[in-house]
Amino acid sequence: MRRWIATVTTTAAVAVAAATTAPAMIAPAHAQAAPKGPVTAPKREQARALPKGTVAALKRRQERASAKQAVAALKRQFVAGRGVKVTETITSRQTGSGGAFTSRLRATGAYMFGASGTVASDFTYPDFGMRAITTRNASYTSGGFFEGMLPPGKTWLRWPGPESLSSSVVNALEPATLKGLLATTEKKRRGGKIDGVSTTLRTGSITVRQLYAASPSLRRLLGEKPQGATGDLVIDWKLWQDGKQRTRKLVSSYTESTQGLQGSWRTKVTSTSLFRAWGTKITIKAPAAASVLDIEDWQPEEPLPVMPDLRPPLPGRDR
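As a starting point, this report considers the structure included with it. (Residues numbered from 1 in each chain as written. Predicted model: local features only at pLDDT ≥ 70, side-chain atom pairs only at ≥ 80, totals over all residues. Heavy atoms only, no water.)

Here we take up the packing of aromatic side chains. Applying the stated criterion across every chain, the model contains five aromatic pairs. Arranged with centres 5.9 Å apart and planes meeting at 70°, the rings of Phe146 and Trp298 form a pair that is edge-to-face. Remark: Trp298 occurs in the segment after β12 (292-294) and Phe146 occurs in the loop between β5 (138-143) and β6 (156-160); sequence separation between them is 152 residues. Each member of the pair, Phe146 as well as Trp298, carries the same accessibility label: buried. Here a set of aromatic residues connected by ring pairs shows up, and it is made of Phe78, Phe113, Phe275 and Trp278. Of note, Lys249 hangs over the ring of Trp240, and the distance from its end group to the ring centre comes to 4.7 Å. (Phe/Tyr/Trp six-rings, centres within 6.5 Å; stacked < 30°, edge-to-face > 60°. Helix = DSSP H or I, 4+ residues; strand = E, 2+ residues; numbered from the N terminus. Buried < 20%, exposed > 50% of the residue type's maximum accessible area, 1.4 Å probe, protein only. Lys NZ or Arg CZ within 6 Å of the ring centre and 35° of its normal.)

Take a look at the structure:
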């Protein structure tokens, strides 16, 4: 916006100079001198003077520049041994002929960065008494339903390669995802303060198909390209950024309908992530090998209880 305001200001200044200089050549000597500096109209009048198409184009250009700056700001956070602390909540509310049911998954922890992005995460799930450590090669879970069920000396179960390092379907810690998200910005305004820090709030919507094209983590989670109604499904989002364009809060939600043997359901999934302590020192390591048991080698003596699904809900998964 600064660029187009500067252009309009310069144009207005030239026009005023042309209008005031010519009369001055024949004005009486006692005539009042023209004020120094450019004479500009109020910003609203300047904007009205421009064609609507030009204003829209300038706004799009401004948003692209802002998105580029936000992506650059995120990449500057990618320093080995540094990271960000996060609190995440995912709420799923199902409504249908059978009534209404709400489930909530809460997690607190941190993401650790490397030179190219997120390399590990460590989260605690207080509702289940569980802890999960995820690296690029594997995931580890401890406590909760596994407490007392593992062989002596084993306190961690290791699962093969992680599907994603993010608990949300919209991974704002991926530069490509952040860029794709901001490209769909519809509104921007002041966002108030989060943890005492002033923010800017951007809102918009993106289809699952668009997000799939932008997000490496969603491509890994979904596997194949979303088709039909799943691809057209709209994800509404709100993103709060501080003065350094670091994400402070992200809320995303989508609603989809499913048809089962017992009737139809509508499910609304809302993910809320709060980010704090950007750049703090974070150390996340895989558990000691002696305390780890591979899931393939586990032969429990008792039937397994129903375990919570710690994976992020995915659009189209239950279709």
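The structure having been displayed, the exposition proceeds.
Attention now goes to the pairing of strand β8 (residues 197-207). In the sheet, strand β7 (residues 185-194) pairs with β8 via eight bridges, with the strands oriented antiparallel. Residue Gly192 lies in a different strand from β8, and its bridge partner there is Thr199. Between β7 and the antiparallel strand that follows it, β8, lie two residues; Asp195 among them carries a positive phi value of about 55°. One ladder, built from eight bridges, connects β8 with strand β9 (residues 234-241); its direction is antiparallel. Bridge pairing links Thr200 to Gln241 in β9. (Pairing = 2+ DSSP bridges.)

Val84, Leu173 and Ile235 are the most contacted members of the largest nonpolar core, which totals 45 residues. Once residues within four sequence positions are removed from consideration, Ile235 is found in contact with Val169, Val170, Gly204, Ser205, Ile206, Val208, Leu211, Ser252, Ser253 and Tyr254. The next biggest cluster of nonpolar side chains, apart from the first, holds eleven residues, and it includes Met112, Ala120, Ala138 and Ile284. (Core = buried A, V, L, I, M, F, W, Y, C linked by side-chain atoms within 4.5 Å. Contact = heavy atoms within 4.5 Å.)

All right, on to the environment of Gly263 then. Tracing the backbone shows Gly263 in strand β11 (residues 263-281). Placed 167 residues apart in sequence, Gly263 and Gly96 show a C-alpha to C-alpha distance of 7.5 Å. Excluding its chain neighbours within four sequence positions, the residues that come into contact with Gly263 are Ser97 and Thr258.

A pair can form between side chains of opposite charge whenever their charged atoms are brought close. Scanning the entire structure with this criterion turns up six salt bridges. Of the charged contacts, one joins Asp242 and Arg246 as a salt bridge, the two residues approaching to 2.9 Å between their closest N and O atoms. The burial state of Asp242 is the same as that of Arg246; both residues are buried. Between Asp242 and Arg248 there is a salt bridge, and its shortest N-O distance comes to 3.0 Å. Overall, the relative accessible area of 5% leaves Asp242 in the buried class. One salt-bridge network, held together by shared partners, links Asp242, Arg246 and Arg248. (Salt bridge = Lys/Arg side-chain N within 4 Å of Asp/Glu carboxyl O.)

Before going further, it helps to spend a moment on a positive patch on the surface. On the surface, a cluster of positive charge is contributed by Lys187, Arg189, Lys238 and Lys268. Counting through the fold element by element, Arg189 comes out in strand β7. (Patch = residues over 30% accessible without salt bridge, like charges linked within 9 Å, V, L, I, M, F, W, Y side chains within 5 Å. Areas by Shrake-Rupley, 256 points an atom, 1.4 Å probe, with all protein chains shown as cover. Lys, Arg positive; Asp, Glu negative; His and termini not counted. Charge placed at Lys NZ, Arg CZ, Asp CG, Glu CD.)

In this section: the environment of Asp232. Along the polypeptide, Asp232 turns up in helix α7 (residues 228-232). When its relative accessible area of 49% is taken as the criterion, Asp232 is described as partly exposed. In sequence terms Asp232 and Gln210 are 22 residues apart; their C-alpha atoms lie 8.9 Å from each other. Sequence-distant contacts of Asp232, defined by excluding residues within four places in its chain, comprise Thr207 and Arg209.

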